[in-house]
Amino acid sequence: MKARNQENRLRSSMRKLADHVATGLAILATVLVVTPLIAIFGYLIYKGASSLNLAFFTQIPKPEGEVGGGMANAIVGSGVLLAVASLLGVPVGIGGGIYLAEFGRGTRLANAIRFTADVLNGVPSIVMGIAAYSLVVVPMHHYSAFAGGVALGIMMIPTVTRTTEEMLLMVPNSIREAALGLGVPNWRSVLSITLKTASPGVITGCMLAFARVAGETAPLIFTALGNQFWSVSLNREISALPLQIYIYAISPYDDQHRLAWAGALVLIALIVVSVSLVRYVASRGILKGAS
Amino acid sequence: MTCALSIFAIVALIAAELVMQSQLSWHKFGLPFFYKFNIDPDTHLPVFWDPVNGSFYALPFLYGTLVTSFVALLIAVPLAIGVAVFLTEMCPRFLRGPLSFLTELLAAIPSVVYGLWAIFVLIPLLREHVSPFFIGIFSAPVTVKLFGWTGLVGDDGLFGGVNLGLGLLAAGVILAVMILPIIASLTREVMTAVPHSQREAALALGATRWEMIRVAVLRNARIGIVGSIILGLGRALGETMAVAMVIGNTAEIHRSLLSTGHSMASVIANEFSEATSDMHRSALIEIGLALFLVTILVNGLARLLVWAVTRSTPARVN
C-alpha cells in the first residue's frame, strides 16, 4: 500500500516535471525566435540611421570606390517599377477576387482558381523573373523597366485576389440582398455596394501585396537590371532600391556598405509602415462604410 | 471572370515559356542534366558546371538546395512549434498581440535585408563562435573514434575543411530565420482550429497542461502542422537573394557544411544576366523550370493538407 502510494507520488511529480520542462522549452523557443528579430531591427536602425543623410535621398551613386553619393535614382526607380506593377496587378487581382467572392462562389472553377492562386503565391520570385525575361526582355531584345514591372505585377496578382476575396466575403449578405431588392442589377450591386463597403479592406490588401513586391530583388536582376544613372524611361534599364542594396552589400567598399544599410532602413520603414497600417485597419474592422 | 481565369493563364504561360526556353539544354543533356558530371582529365576531380567549355550538369545546385533546406527545417521546425504552442496555449494575453505582430513583421522583411544582415552579423558570428564549437565536437578524438565509421566526423566530415563563415551552414541558418514565421503562424492557425472541447476533455481527465497539449492539441493538429512545415520547405527551396549572398557561390559538392556551394535559385540569380551563350542561359532556365515544378508540387501538397484541417472547423476562436 505504502509502496504504491510512493509510486503514485513519483509518477505525479514526473508528470509535473515534464509539464515544467515543456513550458520552459516553449518559452525558450519563443525567446530564440524573438532575439534575431530584435537583433536584425536593432542593428538595422543603428547602422541605417547613422548612415542616412540628405545626400542619400538627393544624389545618384558615385563611381566605384568614391565616397558619398546616394540612391535617389533607385528610390525613383522603385517608384516607377511599383507603379507599373500596380497598374497590372491591382485591377486583375481585384477582378479575380470579385469573381471568386461574388460570381463563382462555391463553384468548382472558383475552388480551382483559389487553389491555383495559392500555389502561384508560393512560386519562387526568381522563376517569375525568368518568366518576365522570356515574355518581355527576349521579344524586346533589351532589359527594361517595363519588364521589371511586369515581373512584380504578376507577383501581386495572387495576393490581391485572395485578400480581395476574403474582404468581400466579410460583407454581410443582407447588404447585397437590400441592393438586389431595390432592383439594382447584380453587376452594379457588386461594384458600387459590395466592393465599396469592403474598400478599406481591399485597399489594405493591395498595400500588403505592394509591400511584398517592394522588397523583391530576384526578379529584377535580369529584367530591370539596375542603372547607375537617372532614368525614368520604361524602355530603359532602371535601378531599384532592393537591387541597389544587393549590389552594394556584396561590394568590397565600406562606403557602399554604409549606403546599403541606409537603403535597407528606408525599405524596411516603408514596409513596416504599410504592414502596421494593414493591421490597424484590419483590427478596426473593414466595414466602416456599412454603418 | 477573365481576371480570375488569367491566374490559370499566368501559370500556363510561365510553364510554357520555361519549357520553350529550356529546349536547347534539354535536347543536349536530357535527363542526365540532373545527375551526371564530367571528370576533369588533369585533376580527376568532377566538373559539373563549366560555362567556358559549354558543359552543364545541375547536380551541385540540387545538392546545395537540399542541404540548406534540410538544415533550415532542422533548426526552424522545433522552434516554430515551440513558439506556436507558447502563443496558443501558454502565453499571457497581453503578450499575445505584440508577439504575433513581431512574427508577422519577421515575415515582411525582404530577403535582401536578411542577406545584408547575414553578411555583416550572422557570418562573423558563425565563423568566430558557432562553427569552432561544432568543429571542436566533431573533430574531438572521442567522437572520431566512436562515429568515425559514419564518415560524418573528422577533417572531411560535416564540419571539416576551411571555416570561412560563408557556406551551406550560413545559408541554412538564414533560411531557418526566414521560414520560421511562416511555419509558426500557420501552425498557430491549425492549433487554434482544434476545438476547445478536446482540450477541456483532456484536462477533465486530469492531464497536466503539457499532456493536454500533446494529446489534444498536437495530435489533432498534426496534419496541419505537417502541411505548414511543407509550406515552409517550399519557401526555403525557392528563396534566392539571402542564399545567394551567403552561400559562397561555387558549383562544387563537399560533405562539409562549412564549405561553399550553390543552390538552384542562387545560381540563376548570379549567372543569368551574365550568361555568355544561349546554352548557358537555356541550362539556367531548365534549372528554373525544375524549381517551378518542385515548388508547385510542394505548395500544392501543403495547401491541401492545411485546407483539410482548417476547412471543416468553425472560424477561429481566440
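Asker: Explain the overall build of chain B residue by residue, including any values.
Answerer: Scanning chain B from terminus to terminus reveals 12 helices and 4 strands. Based on the C-alpha atoms only, the size of chain B along its principal axes is roughly 75 × 65 × 35 Å. Per-residue burial for chain B yields a buried fraction of 49% across its 318 residues. The long-range fraction of contacts in chain B, counting pairs at least 24 apart against all pairs at least 6 apart in sequence, stands at 77%.

Asker: How would you sum up the overall build of chain A? Please name residues and give values.
Answerer: When helices and strands are tallied, chain A shows 12 helices and 0 strands. Helices and strands appear in chain A in the N-to-C order α-α-α-α-α-α-α-α-α-α-α-α. For the C-alpha atoms alone, the extent of chain A along its principal axes is close to 85 × 65 × 35 Å. Looking at chain A residue by residue over its 291 residues, the buried ones come to 49%.

Asker: Give a description of the packing of helix H4 (residues 108–122) of chain A against helix H6 (residues 145–169) of chain A that names residues and reports values.
Answerer: Residue and element names in this part refer to chain A. Running from amino to carboxyl end, H4 crosses H6 at an angle of 135°, the nearest separation of the two axes being 8 Å. When the axis of H4 is compared with that of H6, the two are oblique. Considering how the two elements wind past one another, H4 and H6 form a crossing that is left-handed. The segment H4 lies against H6, with Ala117, Leu120 and Asn121 engaging Pro158, Thr159, Thr161 and Arg162. Looking at the contact of H4 with H6 residue by residue, the classes come out as 3 nonpolar, 3 polar and 1 charged.

Asker: Before we move on, can you summarise the environment of A:Gly69 with the specific residues and values?
Answerer: All names here are of chain A. Along the chain, Gly69 turns up in the loop between helix H2 (54–58) and helix H3 (72–103). Residue classification places Gly69 among the partly exposed positions, given that 17 C-beta atoms sit within 10 Å. Considering only alpha carbons, one finds Gly69 and Gln59, 10 residues apart in sequence, at a separation of 5.4 Å.

Asker: Hey, could you go over the interface of chain B and chain A for me, with residue numbers and the actual values?
Answerer: Contacts between the two partners involve 60 residues from chain B, matched on the other side by 67 residues from chain A. If you tally residues by element for the side of chain B that touches chain A, the top one is helix H1 (residues 2–21) of chain B, at 11 residues.

Asker: Account for the domain arrangement of chain A, naming residues and giving values.
Answerer: Buried accessible area, meaning the area lost when the parts come together, often serves as the stated size of an interface. All names here are of chain A. Each assigned domain of chain A is listed here: domain 1 (2–51) and domain 2 (58–290). Centre-to-centre separation of domain 1 and domain 2, based on C-alpha positions: 37 Å. Each partner contributes to the interface: domain 1 provides 6 residues, whereas domain 2 provides 7 residues. Grouping the amino acids of the side of domain 1 that touches domain 2 by side-chain chemistry returns 3 nonpolar, 2 polar and 1 charged.

Asker: Outline the packing of helix H3 (residues 59–90) of chain B against helix H7 (residues 168–192) of chain B, supporting the account with residue identities and numerical values.
Answerer: Put simply, H3(B) and H7(B) touch, their axes get as near as 6 Å, and they point 40° apart. Handedness of the H3(B)/H7(B) crossing: right-handed.

Asker: Quick one: what's the story with the environment of A:Ala72, residue by residue and with numbers?
Answerer: All names here are of chain A. Counting through the fold element by element, Ala72 comes out in helix H3. The spacing of Ala72 and Gln59 is 13 residues in sequence and 5.4 Å in space, taken between C-alpha atoms. Sequence-distant contacts of Ala72, defined by excluding residues within four places in its chain, comprise Phe57, Thr58, Gln59 and Ile60.

Asker: Can you lay out the nonpolar core for me, pointing to particular residues and giving the numbers?
Answerer: All names here are of chain B. Membership of the largest hydrophobic core comes to 192 residues, with the highest contact counts inside it found for Ala118, Ala170, Ile174, Leu180 and Val246. Looking at this core, the element that brings in the most residues is H7, giving 18 residues. For Val246, the contacting residues outside a window of four places in its chain are Gly115, Ala118, Ile119, Ile123, Leu166, Ala170, Ala171 and Ile174.

Asker: Give a detailed account of helix H8 (residues 186–197) of chain A, specifying residues and quantitative values.
Answerer: Taking 1.5 Å as the rise per residue, H8(A) with 12 residues should run 16 Å; its terminal C-alpha atoms sit 15 Å apart, in good agreement. Those residues of H8(A) hidden inside the fold are in contact with H3, H6, helix H7 (173–181) and helix H9 (199–214) of chain A.

Asker: Hey, could you go over the confidence of the model for chain A for me, with residue numbers and the actual values?
Answerer: All names here are of chain A. The pLDDT averaged across chain A works out to 85; a share of 96% of its residues lies at or above 70. Of all the helices and strands in chain A, helix H12 (residues 254–284) carries the lowest mean pLDDT, 82, while H6 carries the highest, 91. Below a pLDDT of 50 lies the segment residues 287–291, which in the model reaches 8 contacts outside its immediate sequence neighbourhood of four places, other chains included.

Asker: Lay out unusual backbone geometry with the relevant residues and their values.
Answerer: Look at A:His141: it is not a glycine, yet its phi comes out positive at around 65°. Tracing the sequence through the fold places A:His141 in the loop between helix H5 (125–140) and H6. Here A:His141 falls in the exposed class, since 7 other C-beta atoms lie within 10 Å of it. Backbone geometry places B:Asn249, a non-glycine residue, at a positive phi of 60°. Within the secondary structure, B:Asn249 is located in the loop between helix H10 (241–246) and helix H11 (264–271).

Asker: Tell me about the environment of B:Ala184, and name the residues and values.
Answerer: All names here are of chain B. Following the sequence through the fold, Ala184 ends up in helix H7. The sequence separation of Ala184 and Ile229 amounts to 45 residues, and the corresponding C-alpha distance is 9.0 Å. If we ignore the near neighbours within four places in the chain, the residues touching Ala184 are Ala80, Val83, Ala84 and Thr103.

Asker: Requested: an account of the confidence of the model for chain B, with residues and values cited.
Answerer: Mean pLDDT over chain B stands at 84; residues scoring 70 or higher make up 95%. Scored by ipTM, the complex comes to 0.84, with pTM at 0.87.

What counts as what
Residues numbered from 1 in each chain as written. Chains lettered and ligands numbered in written order. Predicted model: local features only at pLDDT ≥ 70, side-chain atom pairs only at ≥ 80, totals over all residues. Helix = DSSP H or I, 4+ residues; strand = E, 2+ residues; numbered from the N terminus. Buried ≥ 20, exposed ≤ 12 C-beta atoms within 10 Å, placed from the backbone. Contact = placed C-beta atoms within 7 Å. Axes fitted to C-alpha atoms, helices over the stretch in contact; angles between N-to-C directions. Parallel < 35°, antiparallel > 145°, perpendicular 65-115°, else oblique. Left-handed = near helix turned anticlockwise from the far one by under 90°. Nonpolar A, V, L, I, M, F, W, Y, C, P; charged D, E, K, R; others polar. Domains from an automatic or database assignment. Core = buried A, V, L, I, M, F, W, Y, C linked by C-beta atoms within 7 Å. Expected span 1.5 Å × (residues − 1). pLDDT = per-residue confidence, 0-100.

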